[in-house]
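Residue-level listing of the chains:
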Amino acid sequence: MKFRKILGTFIIAAGIVSYASGQSLLLQWNFDEASSGTEPTIDHGIEPTVDGRFFQDATRTADTPAGFSTGALDVTASLNANVLANNSHPDVDSLDGKLDNLGSFTLTTWVNMQADPAANQRILRGGSNAGFGIRVVTPPSGDLSASNFGLTLDLLGGGVPLDTAVGAADEWVFLAFTFDASLGSEQVKLFSGDVATAISQLAAADTAVSDTGVLDDNFAAGRHPGVSNRGVPAFLDDVRVYAGAADAAFLEDVRLANIPEPGSVVALFGAAAGILVVLRRRARR
């Protein structure tokens, strides 16, 4: 366990260097403060940072993608369980506009369905009449289930459906939506991967929406913050919002941040060893 924590810390630090030249990380909740319990999850995004608070019996689970990170979010206790930002609760910090009026963004998370979801349940959601989120919908074919569900990107209170389905029945699946209003078509794209499979684009769709508007409500992981009983019976991990629409190569780096490839691990330890050698030489001078 100590080895994993040290390796994880080094990988996160390496990731910060990689992401510095790409998309801007607005918000990140990775739930790694503990393997259980309801300690607030730290926002690793830009200022103002907004720690996520646990509500309605939300808790953590030690079941994480590839078992690599410390904890994940468990919202299976009720359809109202969630982690929240910008609530009227006095202990919850304000988003202060950092998720407002985004003309392009990237939204990523890991999902592990523990039971069959229902249409209109939210995996992530910010705002009621503005903002954005990921909504479960009926799949293009077959019955809606944990192994066969459709997805819509909510934008400004409406939805942009993608003509595809994914499955995450008791397994971890990585989901990424991108939105770029500057494109002439296919402004919305859906990418997916899993613990053993690299990122690929599943679908794309057109939308006339030009930006996300002003977030008029809370941002929540696990449910719709303004509508009761719209949560998913799932585990979630590593929720991220970036400014800018990422490409598949960038998204693959995000996926691997939770499950580093063996080659990446070797390379990282090689880099770490090099840094230690330099430090030791300086210490001898």
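In the block above lies the structure referred to throughout.
**Let's talk about unusual backbone geometry**
Phase 1: Following E47, the chain continues to P48 via a peptide bond in cis, the omega torsion being -5°.
Phase 2: Structurally, P48 is set in the loop between β1 (24–29) and β2 (53–55).
Phase 3: Even without being a glycine, A66 presents a positive backbone phi close to 60°.
Phase 4: Take A66: it is sitting in the loop between β3 (59–61) and β4 (72–74).

**Side note on the pairing of strand β15 (residues 234–243)**
Phase 1: Counting buried positions along β15 gives 9 out of 10 residues, so the element sits mostly inside the fold.
Phase 2: Relative to β15, β1 runs antiparallel, the two being bridged by 5 bridges. Across the sheet, L25 pairs through a bridge with Y242, a residue of β15.
Phase 3: Pairing of β4 with β15 involves 2 bridges; the strand directions are antiparallel.

**Some remarks on the packing of aromatic side chains**
Phase 1: Taken as a whole and assessed by the stated rule, the structure comprises 8 aromatic pairs.
Phase 2: Ring centres of Y242 and F250 lie 5.1 Å apart, and the angle between their planes is 85°; this geometry places the pair in the edge-to-face category. Here Y242 matches F250 in class, with each residue buried.
Phase 3: Clustering of aromatic rings is evident, with ring pairs tying together W29, F105, F132, F179 and F219.

**A closer look at the nonpolar core**
Where a protein is soluble and globular, its nonpolar side chains tend to be buried together.
Phase 1: Residues L73, M113, I123, F132, L151, L155 and F219 are the most contacted members of the largest nonpolar core, which totals 50 residues.
Phase 2: Residues F174, A176, F191 and F235 belong to the second largest nonpolar core, which totals 15 residues.

**Re the environment of D247**
Phase 1: Relative to the elements of secondary structure, D247 occurs in the loop between β15 and α2 (248–256).
Phase 2: For D247, a relative accessible area of 48% translates into the label partly exposed.
Phase 3: The spacing of D247 and F191 is 56 residues in sequence and 9.5 Å in space, taken between C-alpha atoms.
Phase 4: Within polar-contact distance, the side chain of D247 engages the backbone nitrogen of F250 at 2.9 Å.

How each quantity is defined
Residues numbered from 1 in each chain as written. Predicted model: local features only at pLDDT ≥ 70, side-chain atom pairs only at ≥ 80, totals over all residues. Heavy atoms only, no water. Helix = DSSP H or I, 4+ residues; strand = E, 2+ residues; numbered from the N terminus. Buried < 20%, exposed > 50% of the residue type's maximum accessible area, 1.4 Å probe, protein only. Pairing = 2+ DSSP bridges. Phe/Tyr/Trp six-rings, centres within 6.5 Å; stacked < 30°, edge-to-face > 60°. Core = buried A, V, L, I, M, F, W, Y, C linked by side-chain atoms within 4.5 Å. Polar contact = N/O pair within 3.5 Å; in protein donor to acceptor, adjacent residues only side chain to side chain.

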